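# Structural features, examined
Here is how the chains run, residue by residue.
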Amino acid sequence: MRKSVVLPLVAGCVVAAWFTGVSLWRLFHLDLTMPVHTAPSLLADYRLALITRELDSPFWVEVEAGALRSARQYNVHLEVWGSYGQNEEEFLKRMEIAIASKMDGIIVQGLNTDEFHRLTTVKAGSNGIPVFTVANDVPPGKSIRRTYIGTNHEQAGRMIGRQLLEDMGSSGTVVILRSEREEENQRQRMMGIFDALSSYAGQIRTEIVTTGDTREKVAQAMGNALNRWPDADAFIAVHSANIGAMVRVLEQRFRIDKRYIYAFDDDAEARMLLSQGKISALIVQSPAQMGELSVRLMVQWLKGEKFPLDYNGYFTDFRLVRAGEPL
């Protein structure tokens, strides 16, 4: 009787000890440290976050590289966060995390939505965290972002418009493709284009085509546009992600060298199409300079060396490259 009681007790103790040992082993062998790239140096002067919706874009890889160079120069710990494939929900979540983490400053790709403006105006503002927009701004008055760093998109659009006049002449039909949700950079580009063409309003017909957010929808919108205006002379993609689908539809309908096609280089495909001679001219920006300048200005502002900041922004270099010219 006694043996039948003792044996189960011993067995229970052995099992309990085994589970305890396993638990202790797991505890001491878990990697509880943060990844190397997110572990802030105790000697860093400031903690900054660079946040984008396009982590997989070559354009934003260059922005990141420039920002990291500047961060090393100014002894800044820089977190690079964001989403892939323009995942807006993940992008906004990263902004929430940056604010909750009490970053000293946030450098972010502008997004014209109510939630983005709430985060920058209410949450970041109430926590005293300065927000700079980079590459793409937000409409004036919608956000309390401190400043903008990037291309003067209105001037870039004006440059495209002038090149179009040089190529096409002072009469013809121009089709302009924009995305369904018009971002601030697209709005400014269109302002510049229309300003350049304004002297020929009675001779040049401009038609605006709004596209969806997939290549299939862009191709469908482009096909419908060509059905309506088969004699169109020129095409401008103010949202560079549209350029690939635009060119493919044009190639199916016409000899592409008989049309004038223009774009901006936010998307890597645009550069490839220019090198192939399939587009007439491209606005080439300076993303690395955007990253470098963003971090430098943020540090100068935090140190009180740059005050007040220019609310209208700090413009980086850009140029127009024609087909056949070196990028």
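Below: a short report on this structure.

About the thresholds
Residues numbered from 1 in each chain as written. Predicted model: local features only at pLDDT ≥ 70, side-chain atom pairs only at ≥ 80, totals over all residues. Heavy atoms only, no water. Helix = DSSP H or I, 4+ residues; strand = E, 2+ residues; numbered from the N terminus. Contact = heavy atoms within 4.5 Å. Buried < 20%, exposed > 50% of the residue type's maximum accessible area, 1.4 Å probe, protein only. Pairing = 2+ DSSP bridges. Right-handed = clockwise from strand over helix to strand, strands pointing away. Core = buried A, V, L, I, M, F, W, Y, C linked by side-chain atoms within 4.5 Å. Arc of directions from axis to C-beta. Polar contact = N/O pair within 3.5 Å; in protein donor to acceptor, adjacent residues only side chain to side chain. Salt bridge = Lys/Arg side-chain N within 4 Å of Asp/Glu carboxyl O.

## Considerations on the environment of Leu 293
The topology assignment puts Leu 293 in helix α10 (residues 287–302). Ignoring sequence-local partners within four residues, the contact set of Leu 293 consists of Ile 149, Tyr 314 and Thr 316.

## Description of the pairing of strand β10 (residues 281–284)
Residues Ala 281 and Ile 283 point to one face of β10 and Leu 282 and Val 284 to the other, with burial holding for every one of them. Inspection of the sheet shows strand β9 (residues 260–264) paired to β10 by three bridges, in the parallel sense. If you follow Tyr 262 over to β10, its bridge partner there is Ala 281. In this region the chain leaves β9, passes through helix α9 (residues 268–275) and returns to the parallel neighbour β10; the handedness of that crossover is right-handed. Bridging between β10 and strand β12 (residues 319–322) involves four bridges; their strand directions are antiparallel. Its bridge partner being in β12, Leu 282 is matched across the sheet by Val 321.

## So, the nonpolar core
Nonpolar side chains tend to gather and get buried jointly when the protein is soluble and globular. Ile 243 and Met 246 are the most contacted members of the largest nonpolar core, which has 28 residues in total. Elements represented by at least two residues in this core include exactly β6 (172–179), α7 (215–228), β8 (234–237), α8 (243–253), β9, α9 and β10. Per-element tally for this core: the top contributor is α8, with six residues. Non-local contacts of Met 246, meaning those with residues more than four positions away in its chain, are made with Leu 177, Val 218, Met 222, Phe 235, Ile 236, Ala 237 and Ile 261. Ile 107, Met 290, Leu 293 and Val 295 belong to the second largest nonpolar core, which has 24 residues in total.

## Let's talk about α9
Every buried residue of α9 is listed here: Glu 269, Ala 270, Leu 273 and Leu 274. Axial view of α9: buried residues confined to an arc of 140°, hence all on one face. Buried residues in α9 make contact with α7, α8, β9, β10 and β12. Where α9 begins, the side chain of Asp 267 points an oxygen toward the backbone nitrogen of Glu 269, at a separation of 2.9 Å.

## Description of the pattern of salt bridges
Considering all chains together, one arrives at 18 salt bridges under this definition. Note that Arg 118 and Glu 96 form a salt bridge whose closest N and O atoms lie 3.5 Å from each other. With Arg 118 in helix α4 (residues 114–126) and Glu 96 in helix α3 (residues 88–100), the pair connects residues that are 22 residues apart, well separated along the chain. By relative accessible area, Arg 118 is classed as partly exposed at 31%. Taking the relative accessible area as the measure of exposure, Glu 96 reaches 28% and is therefore partly exposed. Overlapping salt bridges, with partners in common, bring together Glu 96, Glu 115, Arg 118 and Lys 123 in one network.

Any link to function would need more than the numbers given here.
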